[in-house]
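# Analysis of the macromolecular model
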Amino acid sequence: MASKVKVITRVRPPLTHETTPRCIVVEDNYDYLQLRNLNKSKVEVLRYRFDRCYDSDSRQEELYNKDIAPLVKNVFDGINTTVFAYGNTGAGKTFTMQGTQENPGVIPRVMEAMVNNMVEIQNKKINCSLSMSYLELYNEKLYDLLVA
């Protein structure tokens, strides 16, 4: 079986102190990201292609349903799966992965789906076990966030 890596990007909303025009634009087809260099006398536009791009108005539910939920099925088909969030401090990784009580992120949604799938499987009298990790790499140190 060949591995498949998908690269998905999400643009966070502007912070209250950010008053300059937006230099990152998600194109209408949601697979190109434009970076506009506004510091030059002539505006330079760079385009980067991703498997999917989410703009600053995207919702947690949308990202989960389109790109994460299908991975849960893969796990129960025996495929090892990883969701990896990467970016600068303040880029929105924690919000995307954890979310809030009212607007859960990737991790709580995946956990709910995994538990629901396990209950379904166990109701069919099929043995099922699950192992997972929740890690953070920060300043070249790896932290296991499930250890108390």
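In case you missed it, the structure is sitting above this.
A few points on the structure. (Residues numbered from 1 in each chain as written. Predicted model: local features only at pLDDT ≥ 70, side-chain atom pairs only at ≥ 80, totals over all residues. Heavy atoms only, no water.)

## Concerning unusual backbone geometry
- Of note in this structure, Lys125 is not a glycine but carries a positive phi near 65°.
- Position of Lys125 relative to the elements: it lies in the loop between helix H3 (106-123) and strand E6 (135-138).
- Phi at Glu140 takes a positive value of approximately 65°, unusual for a residue other than glycine.
- Residue placement: Glu140 occurs in the loop between E6 and strand E7 (141-144).
- Take Glu140: its relative accessible area is 81%, and that puts it in the exposed class. (Helix = DSSP H or I, 4+ residues; strand = E, 2+ residues; numbered from the N terminus. Buried < 20%, exposed > 50% of the residue type's maximum accessible area, 1.4 Å probe, protein only.)

## Thoughts on the packing of aromatic side chains
- With the rule as written, the count across this model stands at zero aromatic pairs.
- Here the guanidinium or amino end of Arg47 rests over the ring plane of Tyr32, the centre of that ring lying 4.0 Å away. (Phe/Tyr/Trp six-rings, centres within 6.5 Å; stacked < 30°, edge-to-face > 60°. Lys NZ or Arg CZ within 6 Å of the ring centre and 35° of its normal.)

## Notes on the sheet that holds strand E4 (residues 44-49)
- Spatially, the three strands line up as an open sheet ordered E2-E3-E4, and their pairing is antiparallel. The sheet is open, and its two borders are formed by strand E2 (24-26) and E4, each paired with just one other strand. Going across the sheet, the axis of each strand differs from the next one's by a mean of 25°, ignoring polarity.
- For strand E3 (residues 32-37) and E4, the ladder comprises six bridges, and the chain directions are antiparallel. Within E4, the residue paired with Tyr32 across the bridge is Arg49. (Pairing = 2+ DSSP bridges. Axes fitted to C-alpha atoms, helices over the stretch in contact; angles between N-to-C directions.)

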